[in-house]
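This is what each chain is made of:
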Amino acid sequence: MPESPVPCVACGGGLAPELDRVFDTRFGIDADFAIARCRECGLEQTVPRPSAATLEAYYSAHYNFGGESGTAYTGLRARFLESGAYRAWLALDGDISFHTRLGHGRLIDIGCNEGRGLALYARSGFTTVEGLETNAVAAAAARRRGFTVHGQALEAFRPNAPYDVAVLSNVLEHALDPHEMLCQVRAILKPGGEVWISCPNAASWLRTLFGRRWINWHVPFHIVHFTEASLGRALAAGGFEPVARAQATPALWVAHSVLAALTARRGRPTAWLRRPLAVMALMALARGLLFPLLWLGNRLGHGDCLLRVARRV
Ligand SMILES: [Zn+2]
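Please read all numbers here as calculations on a predicted model, not as lab measurements.

Enquirer: Which residues make up the sheet that holds strand 6 (residues 148–150), and what values do they have?
Expert: In spatial order, the strands read 6-5-4-7-8-11-10; together these seven strands make up an open sheet with mixed pairing. The two strands at the open ends of the sheet, each matched to only one other strand, are strand 6 and strand 10 (240–248). Taking the axes of each pair of neighbouring strands and ignoring which way they run, one obtains an average angle of 20° across the sheet. Pairing between strand 4 (residues 105–110) and strand 5 (residues 126–132): six bridges, direction parallel.

Okay, structure coming up:
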């Protein structure tokens, strides 16, 4: 694998090969990618790095919100999310979207999709809950739920009033320039406002176990692959100080990695990832049988998901 000609997205350092022949294990994009590591700061990143235009084309071809609503499945899901059972599950499995974290004032969910999280944030003590979503179909679905959802890209977004909390739930690793994204988030926060971040952990034991098939490489959509250390550096460089950190290993992510490892083929969509019964059965197995491993992984810093709360300095 040749050395990447692209410099590190964080520090401009040279990139050294780490893992070659990594492919899209979800949608079936027929291309090879690789993971490279910065020789200077150690941050891992996807190469070749797609241009903004290429990435946009990938999103519109593969990542579009389906617009499903009003079906028995979506009705059941909505009832589950509002139930005590969902809160109990999050307490057990890890709350990677901060659905049970309390706060006050104004919250914005950046990349809110169809707004499933907005209803939950509205119950967590906030007086104002808004979303930011560039996918017009998803944004319209969230507005039908009664929420204010802004359709601009973050870089063009100028809110009328700053926010107390900005949520980046599995969003930052998608950014072509994470530093710029954190600066933009900082600009829409009040002084002392908080960013709540979750993203995959590149130091996860599941990454070691599944190698190229780890579901959270998610090439080419995940541009950077953070660890505790690199995420901490990114936040400090963006003007944030640490408040809280944790790790989680969602059973859903374990199930997805297992299904991708067993069934993903380059160039073919992985149909097993969209079979709810298979996914739920594997989730139950992962949670029921692997719980000591999942717990230990999180405690030792090798959980699959990083969770951070940081305050605008
Ligand atoms: Zn670097």
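Enquirer: Break down the layout of surface pockets for me, citing the residues and quoting the values.
Expert: Its volume calculated, the second largest pocket comes out at about 430 Å³. When residues of the lining of the second largest pocket are traced back to their parent elements, those giving at least two are helix 3 (84–93), strand 10, helix 11 (291–299) and strand 11 (305–312).

Enquirer: Would you mind going over the packing of helix 10 (residues 276–289) against helix 11 in detail, with residue names and values included?
Expert: Interhelical geometry of helix 10 versus helix 11 gives an angle of 75° and a closest axis separation of 5 Å. Between helix 10 and helix 11, the interaxial angle falls into the category roughly perpendicular. Between helix 10 and helix 11, the contacting residues are A286, R287, G288 and L289 on the first element and F291, P292 and L294 on the second. The residue makeup of the contact of helix 10 with helix 11, split by class, is five nonpolar, one polar and one charged.

Enquirer: Provide a residue-level description of the coordination of the zinc ion, including the pertinent values.
Expert: Protein-derived ligands of the zinc ion are C8 (SG), C11 (SG), C38 (SG) and C41 (SG), with the metal-ligand distances lying across 2.3 Å. Within one chain, the residues serving as donors to the zinc ion are arranged as C-x2-C-x26-C-x2-C. Highlighted residues: C11 in the segment before strand 1 (15–22) and C41 in the loop between strand 2 (33–38) and strand 3 (44–47), separated in sequence by 30 residues.

Enquirer: Tell me what's going on with the pairing of strand 5, and back it up with residues and numbers.
Expert: Along strand 5, five of the seven residues are buried, which leaves the element largely enclosed by surrounding structure. The β-α-β motif built from strand 4, the intervening helix 4 (residues 116–121) and the parallel element strand 5 has right-handed crossover chirality. In this structure, strand 5 lies alongside strand 6, joined through three bridges in parallel fashion. Looking at strand 6, one finds that G131 is bridged to V149.

Enquirer: How would you summarise the pattern of salt bridges if you had to cite specific residues and measurements?
Expert: Under the counting rule described, the total for this entry stands at 13 salt bridges. A salt bridge links R266 to D30, with the shortest nitrogen-to-oxygen separation between them at 2.9 Å. Taken together, the residues span a long stretch of sequence, with R266 in the loop between helix 9 (251–263) and helix 10 and D30 in the loop between strand 1 and strand 2 at a distance of 236 residues. Its relative accessible area of 40% is what places R266 among the partly exposed residues. For D30, a relative accessible area of 54% corresponds to the exposed category.

Enquirer: Give a detailed account of the nonpolar core, specifying residues and quantitative values.
Expert: In this structure, I110, L168, V185 and F226 are the most contacted members of the largest nonpolar core, which totals 31 residues. Mapped onto this core, the elements with two or more residues apiece are strand 4, strand 7 (163–169), helix 6 (178–187), strand 8 (189–200), helix 8 (228–237) and strand 11. Of the residues forming this core, the biggest block, four residues, is contributed by strand 8. Core analysis: the second largest hydrophobic core is formed by 26 residues, F210, W214, V279 and L294 among them.

Enquirer: Can you tell me about the side chain of S198, naming the residues and giving the values?
Expert: Mapped onto the secondary structure, S198 falls in strand 8. At 3.5 Å, the side chain of S198 and the side chain of S169 are in polar contact. In contact with S198, other than residues within four places in its own chain, are I96, F98, L168, S169, N170, V171, E173, C305, L306 and L307.

So, how was this worked out
- Residues numbered from 1 in each chain as written.
- Predicted model: local features only at pLDDT ≥ 70, side-chain atom pairs only at ≥ 80, totals over all residues.
- Heavy atoms only, no water.
- Pairing = 2+ DSSP bridges.
- Helix = DSSP H or I, 4+ residues; strand = E, 2+ residues; numbered from the N terminus.
- Axes fitted to C-alpha atoms, helices over the stretch in contact; angles between N-to-C directions.
- 1 Å grid on protein atoms, 1.4 Å probe; cavity = no way out; pocket = protein on both sides within 12 Å on 5 of 7 lines; lining within 4 Å.
- Points joined across faces, edges and corners; volume = space filled by probe spheres on them.
- Parallel < 35°, antiparallel > 145°, perpendicular 65-115°, else oblique.
- Contact = heavy atoms within 4.5 Å.
- Nonpolar A, V, L, I, M, F, W, Y, C, P; charged D, E, K, R; others polar.
- Donors = N, O, S within 2.8 Å, 3.2 Å for Na, K, Ca; no water.
- Buried < 20%, exposed > 50% of the residue type's maximum accessible area, 1.4 Å probe, protein only.
- Right-handed = clockwise from strand over helix to strand, strands pointing away.
- Salt bridge = Lys/Arg side-chain N within 4 Å of Asp/Glu carboxyl O.
- Core = buried A, V, L, I, M, F, W, Y, C linked by side-chain atoms within 4.5 Å.
- Polar contact = N/O pair within 3.5 Å; in protein donor to acceptor, adjacent residues only side chain to side chain.

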